[in-house]
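Chain by chain, the residues run as shown.
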Amino acid sequence: TKSKFMINNYFARYIFAVVVTYLITVLIVSYLNTSSIVAMGVEMTLYDRLNTAWFDLLGMANYYLPIIALSLVIAFVLIKKALYRLVGDGAFSYALSGFLGIAVMHLTLKHLFDLSVFDLTPALLGLMLQCAAGAVGGWTFYRLRPSGQG
């Protein structure tokens, strides 16, 4: 069951969606990067992979967590408003907003600052998986709302 605090508090729902999105995105990047390293012939144990994921979660929090937070603000405010006429106000619209928010963030970072979190991974696969994590974050935000509230 949903916590009354969560369903009645936009900010708490937003923070929860940001954390969910951050965890998924960083674990995806970590997994894809370690898989690329293994494909180059470097042996990595399960401990090495888990340790790498842990340090990625901690190490990326300083810069990637705020970027995810900003991306979801843009997604839930601007993109969601733009999509309202096309897809309405349901779970799909929030998931699509989260997907597009992450896509816009990655494209902006790449084209304005020449930054990418996909140094070792196939760029399109990494981007699509990151965007899917944004969709999960958007869906999470929607699912925690009270009935009748967007």
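Just above, that's the structure.
The structure displayed is predicted, hence computed values, not measured ones. (Residues numbered from 1 in each chain as written. Predicted model: local features only at pLDDT ≥ 70, side-chain atom pairs only at ≥ 80, totals over all residues. Heavy atoms only, no water.)

Draft legend 1. Spotlight on the overall build of the chain. Of the regular secondary structure elements, the chain holds 6 helices and 0 strands. When the 150 residues of the chain are sorted by exposure, 43% land in the buried category. Residue pairs in contact within the chain that sit at least 24 positions apart in sequence constitute 76% of those at least 6 positions apart. Accessible surface, the chain: about 8,600 Å² in total, of which carbon and sulfur atoms supply 70%. (Helix = DSSP H or I, 4+ residues; strand = E, 2+ residues; numbered from the N terminus. Buried < 20%, exposed > 50% of the residue type's maximum accessible area, 1.4 Å probe, protein only. Contact = heavy atoms within 4.5 Å. Areas by Shrake-Rupley, 256 points an atom, 1.4 Å probe, with all protein chains shown as cover.)

Draft legend 2. Region of interest: the packing of aromatic side chains. By the definition in use, this model includes 7 aromatic pairs. Consider the rings of phenylalanine 76 and phenylalanine 141, whose centres lie 4.5 Å apart with planes at 20°: the pair is stacked. Of this pair, phenylalanine 76 sits in helix α4 (residues 64-87) while phenylalanine 141 sits in helix α6 (residues 123-143), and the two are 65 residues apart along the sequence. Here the two residues phenylalanine 76 and phenylalanine 141 agree in accessibility, since each one is buried. Summarising the aromatic geometry, the rings of tyrosine 94 and phenylalanine 141 are spaced 5.5 Å apart at their centres and angled 40° between planes, so their arrangement reads as tilted. Taken together, the residues span a long stretch of sequence, with tyrosine 94 in helix α5 (residues 91-113) and phenylalanine 141 in helix α6 at a distance of 47 residues. (Phe/Tyr/Trp six-rings, centres within 6.5 Å; stacked < 30°, edge-to-face > 60°.)

Draft legend 3. Summary view of the packing of helix α2 (residues 10-39) against helix α3 (residues 46-59). Running from N to C, α2 and α3 cross one another at 135°; their axes reach a closest spacing of 9 Å. One element, α2, and the other, α3, form an angle in the oblique class. The interaxial crossing formed by α2 with α3 has right-handed handedness. Here Tyr22, Leu23, Val26, Leu27, Ser30, Tyr31, Thr34, Ser35 and Val38 of α2 lie close against α3, whose contacting residues are Arg49, Thr52, Ala53, Asp56 and Leu57. Across the contact of α2 with α3, the residue classes tally to 8 nonpolar, 4 polar and 2 charged. (Axes fitted to C-alpha atoms, helices over the stretch in contact; angles between N-to-C directions. Parallel < 35°, antiparallel > 145°, perpendicular 65-115°, else oblique. Left-handed = near helix turned anticlockwise from the far one by under 90°. Nonpolar A, V, L, I, M, F, W, Y, C, P; charged D, E, K, R; others polar.)

Draft legend 4. Just the environment of leucine 23, in detail. On the secondary structure map, leucine 23 appears in helix α2. Overall, the relative accessible area of 38% leaves leucine 23 in the partly exposed class. Sequence separation between leucine 23 and leucine 57 is 34 residues; the distance between their C-alpha atoms is 7.2 Å.

Draft legend 5. Looking closely at the packing of α5 against α6. Orientation of α5 relative to α6, taken along the N-to-C sense of each, is 140°, at an axis distance of 7 Å. Relative to α6, the element α5 is oriented oblique. Of the two elements, α5 crosses α6, and the hand of that crossing is right-handed. Where α5 approaches α6, its residues Ala91, Tyr94, Ala95, Gly98, Phe99, Ile102, Ala103 and His106 are matched on the opposing element by Leu127, Met128, Gln130, Cys131, Ala132, Gly134, Ala135, Gly138, Trp139, Phe141 and Tyr142.

Draft legend 6. Layout of the side chain of threonine 25. Mapped onto the fold, threonine 25 is located in helix α2. If sequence neighbours within four positions are ignored, threonine 25 has contacts with Tyr64, Ile68, Gln130 and Ala133.

Draft legend 7. Main features of the nonpolar core. Counting residues in hydrophobic clusters, the biggest one holds 22 residues, and the most contacted among them are Tyr14, Tyr64, Ile68, Leu72 and Phe76. If you list the elements that add at least two residues to this core, you get α2, α4, α5 and α6. Of all the elements, α4 adds the most residues to this core, at 6 residues. (Core = buried A, V, L, I, M, F, W, Y, C linked by side-chain atoms within 4.5 Å.)

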